[in-house]
Amino acid sequence: MYQEEVVLYAVARSRSCRRARRLLRRKGYAFEEVDVGGDEGLLVSLSEATGREMLLPLVFLGGRLVGGLDEIEALEHSGDLDRLVRGRV
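First, a word on scope: everything that follows refers to the structure included in this document. What you see is a predicted model; the values in this text were computed from it and never measured.

## Points about the pairing of strand β2 (residues 32–35)
Here's step 1: Judged from the 4 bridges that link them, strand β1 (residues 6–10) and β2 form a sheet pairing that is parallel. Bridged to valine 7 within β2 is glutamate 32.
Here's step 2: Read from β1 through helix α1 (residues 15–26) to β2, the crossover connection turns out right-handed.

Below is the structure:
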């Protein structure tokens, strides 16, 4: 089944990042995880590229920023997360 590329920018010891990982795994999505822990340059680059204060996790679908934990949980609750990941929105 088709799935958009899912990339999770996270740090290992963050509760929010663990929750995002758990949600993506529970849904059965294949995703690439980029550990940004200790990489100050990557954090700054992500902040500049997204225009967001650097809060992790950040989830990208098909190269587009979807948001952080709150956004993907809201998308899951509304049923839109599956549609986005499957490329139907």
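From this point, things continue past the structure.
## Overview of the pattern of salt bridges
Opposite charge on two side chains lets them pair, provided their charged atoms get close.
Here's step 1: One pass over the full model with this rule turns up 5 salt bridges.
Here's step 2: With a closest N to O distance of 2.6 Å, arginine 19 and glutamate 73 form a salt bridge. Of this pair, arginine 19 sits in helix α1 while glutamate 73 sits in helix α3 (residues 69–78); the two residues are 54 residues apart in sequence, bridging distant segments of the chain.
Here's step 3: Classification of glutamate 73 as partly exposed rests on a relative accessible area of 30%.
Here's step 4: A salt bridge links lysine 27 to glutamate 76; the nearest nitrogen and oxygen atoms lie 3.2 Å apart. Taken together, the positions of lysine 27 in the loop between α1 and β2 and glutamate 76 in helix α3 put the pair 49 residues apart, joining distant regions of the chain.
Here's step 5: A single salt-bridge network, built from bridges that share partners, covers Lys27, Glu76 and Asp82.

What counts, and at which threshold
- For every chain, the first residue of its written sequence is number 1, and the numbers climb from 1 along that sequence.
- Predicted model: local features are reported for residues with pLDDT of at least 70 only, side-chain atom pairs are reported and counted for 80 or more only, and whole-chain, interface and lining totals are derived from all residues.
- The basis for the side-chain values is all heavy atoms of the structure; hydrogens and waters are excluded.
- We treat two strands as partners when DSSP finds at least two bridges between them.
- By the criteria applied, helices consist of DSSP H or I runs no shorter than four residues and strands consist of E runs no shorter than two, each listed in order from the N terminus.
- Whether a crossover is right-handed comes down to one check: with the strands pointing away from the viewer, does the path from the first strand over the helix to the second run clockwise; if it does, it is right-handed.
- In the sections that follow, a salt bridge refers to a side-chain nitrogen of Lys or Arg positioned within 4 Å of a carboxyl oxygen of Asp or Glu.
- Burial classification: accessible surface area is computed with a 1.4 Å probe over protein chains only, and a residue below 20% of its type maximum counts as buried, one above 50% as exposed, and the rest as partly exposed.

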